[in-house]
Amino acid sequence: MAKNSGARRTDGGKHQGGWSGKRSVGTGHILTVHGTQVEAVMAAAQRSGLLHEKSGRIGGRVSTALVEKAKARTGIETDTDLIEFALANIALEDKFAEKFKAARGKVDPDLKLGF
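Undergrad: Is there a simple way to explain the overall build of the chain in this structure?
TA: The secondary structure content of the chain amounts to four helices and zero strands. Listed N to C, the secondary structure of the chain is α-α-α-α in terms of helices and strands. The burial tally for the chain puts 22% of its 115 residues in the buried class. Of all intrachain contacts in the chain linking residues separated by at least 6 positions in sequence, the fraction that spans at least 24 positions is 54%.

Rendered as structure tokens:
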């Protein structure tokens, strides 16, 4: 796996909260099909105060194929940003699937939903 040499950004160095995903110069949006999800998670992490202090360090060995696939799916280019996104995604988990399953059968089947 290649060393993390810093993000290759197209935004002239402007970003919020220290997170440095690849962004469009014109719109500032992350350049990826999944950019909306990445941007939403990182914005929520920023609002939650999870990105303020960057004194922690993490290391480990992982599959190169896993890292490459995750980078391709998210559009994130650096190992640091990928790890930060993955950790934020877990830290901000809303347990939607569990709550959705628990609600099964609790809505009146005769309820008119308008479509």
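Okay, back to it.
Undergrad: It is not clear to me how helix α2 (residues 64-74) should be interpreted in this structure. Could you clarify?
TA: Residues separated by three or four positions in an α-helix point in the same direction, a consequence of the helix having 3.6 residues per turn. At the N-terminal boundary of α2, the capping side chain belongs to S63, with an oxygen 3.2 Å from the backbone nitrogen of A65. With its phi angle positive at about 85 degrees, G75 sits one or two positions after the end of α2.

Undergrad: Could you clarify how one ought to interpret a nonpolar patch on the surface in this entry?
TA: Taken together, the side chains of V107, L111, L113 and F115 present a nonpolar region at the surface, about 520 Å² in accessible area. Counting through the fold element by element, F115 comes out in the segment after α4 (96-102). Judged by its relative accessible area of 89%, F115 falls in the exposed class.

Undergrad: Looking at this model, I keep getting lost on unusual backbone geometry. Mind explaining?
TA: Residues apart from glycine generally show negative phi values, whereas peptide bonds are mostly found in trans. Backbone geometry places K95, a non-glycine residue, at a positive phi of 55 degrees. Summarising the element assignment, K95 is placed in the loop between α3 (79-91) and α4.

Undergrad: Could you clarify how one ought to interpret α3 in this entry?
TA: For α3, which comprises 13 residues, the first-to-last C-alpha distance of 18 Å matches the rise-based estimate of 18 Å (1.5 Å per residue) to within 8%. Every buried residue of α3 is accounted for by D79, D81, L82, E84, F85 and A88. Against the buried residues of α3 lie α1 (35-47) and α2.

Undergrad: I tried to follow the environment of K99 on my own but got confused; where do I start?
TA: Relative to the elements of secondary structure, K99 occurs in helix α4. Within the local environment of K99, its side chain forms a polar contact with the backbone oxygen of D94, the two atoms lying 3.3 Å apart.

Undergrad: What is the right way to look at the packing of α2 against α3 in this model?
TA: In a pair of packed helices, the angle between the axes and the distance between the axes together describe the arrangement. Where α2 meets α3, the closest approach of the two axes is 11 Å, and the angle between their N-to-C directions is 80 degrees. In terms of orientation, α2 lies roughly perpendicular with respect to α3. Two secondary-structure elements touch here, α2 through V67, A70, K71 and T74 and α3 through D79, L82 and F85.

Undergrad: Sorry, what's going on with the packing of aromatic side chains here?
TA: Summed over the entire model, instances satisfying the criterion amount to one aromatic pair. Seen from their ring centres, F96 and F100 are 5.5 Å apart, and the 20 degrees between their planes marks the pair as stacked. Pair noted here: F96 and F100 are both in helix α4, with a separation of four residues, about one helical turn. An identical accessibility class is assigned to F96 and F100; each is exposed.

Thresholds, definitions, all that
- Residues numbered from 1 in each chain as written.
- Predicted model: local features only at pLDDT ≥ 70, side-chain atom pairs only at ≥ 80, totals over all residues.
- Heavy atoms only, no water.
- Helix = DSSP H or I, 4+ residues; strand = E, 2+ residues; numbered from the N terminus.
- Buried < 20%, exposed > 50% of the residue type's maximum accessible area, 1.4 Å probe, protein only.
- Contact = heavy atoms within 4.5 Å.
- Polar contact = N/O pair within 3.5 Å; in protein donor to acceptor, adjacent residues only side chain to side chain.
- Patch = residues over 30% accessible without salt bridge, like charges linked within 9 Å, V, L, I, M, F, W, Y side chains within 5 Å.
- Areas by Shrake-Rupley, 256 points an atom, 1.4 Å probe, with all protein chains shown as cover.
- Salt bridge = Lys/Arg side-chain N within 4 Å of Asp/Glu carboxyl O.
- Expected span 1.5 Å × (residues − 1).
- Axes fitted to C-alpha atoms, helices over the stretch in contact; angles between N-to-C directions.
- Parallel < 35°, antiparallel > 145°, perpendicular 65-115°, else oblique.
- Phe/Tyr/Trp six-rings, centres within 6.5 Å; stacked < 30°, edge-to-face > 60°.

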